[in-house]
Amino acid sequence: MLLKNTFVHHVHFWLKDKADKQQLIDGLNTLLPITHIRDIHIGVPAETFREVIDRSYDVSLLILFDGPDEQQAYQVDPTHVHFADNYAKPLCSKVVVVDSVNV
């Protein structure tokens, strides 16, 4: 099924210390109550090994929003700000975000 009216927010996290993986996942789970989120997936690299697959990240976050307004509201939501300040920034050496919208 083709998703319509969807803003995709995909984030990959690289940890400073691999031992902090569960702490980061716990932090990501604090995002679940944010009402602007339509769907959310928290994951780790799959056991797939092809040349085109980047498995260098430690944890990923995929969020679907109904549109750019909901994504912007998520960015300033106090729960998201708390996550960024207390989990992502102190635990991660690198964060890459890819946002996309329907064509």
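Along each chain, numbering runs from 1 in the same order as the chain's sequence is written. The predicted origin of the model limits local features to residues at a pLDDT of at least 70 and limits the giving and counting of side-chain atom pairs to 80 or more, whereas totals for whole chains, interfaces and linings rest on all residues. With hydrogens and water excluded, all non-hydrogen atoms of the structure serve as input to the side-chain values.

Draft legend 1. Broad picture of the sheet that holds strand β3 (residues 59-65). Read across the sheet, 4 strands follow the order β2-β3-β1-β4 without closing on themselves; strand pairing throughout is antiparallel. Each edge of the sheet is formed by a strand with only one pairing partner; in this case those strands are β2 (39-43) and β4 (92-101). Each strand axis lies, on average, 10° off the axis of its neighbour in the sheet, ignoring direction. Pairing between strands is defined by DSSP: at least two bridges between them are needed. Helix and strand definitions follow DSSP, with helices as H or I runs of at least four residues and strands as E runs of at least two, each counted in order from the N terminus. Across 7 bridges, the pairing between strand β1 (residues 7-15) and β3 is antiparallel. By the bridge assignment for β3, His10 is matched with Leu62. Contacts: residue pairs with any heavy atoms within 4.5 Å of one another. Axis definition: a line fitted to C-alpha atoms, over the contacting stretch in the case of helices. Angles run 0 to 180 degrees between N-to-C directions. Packed on one face of the sheet, helix α1 (residues 21-29) meets β1, β2, β3 and β4 and runs near 10° to β3.

Draft legend 2. Structural context of the pattern of salt bridges. The rule for a salt bridge is simple: a side-chain nitrogen of Lys or Arg has to be within 4 Å of a carboxyl oxygen of Asp or Glu. A complete count under the given rule lists 4 salt bridges for this structure. Close ionic contact of Asp58 with Lys18 constitutes a salt bridge, the shortest N to O distance being 2.7 Å. Placement of the pair is Asp58 in the loop between β2 and β3 and Lys18 in the loop between β1 and α1, with a sequence separation of 40 residues. By relative accessible area, which is 5% here, Asp58 ends up buried. Note on classification: 1.4 Å probe, protein chains only; a residue is buried when its accessible area is under 20% of the maximum for its type, exposed when over 50%, partly exposed between these limits. Taking relative accessible area as the criterion, Lys18 reaches 56% and is therefore assigned exposed. In this structure, the salt-bridge partner of Glu47 is Arg55, at a minimum N-O distance of 3.4 Å. Judged by its relative accessible area of 62%, Glu47 falls in the exposed class.

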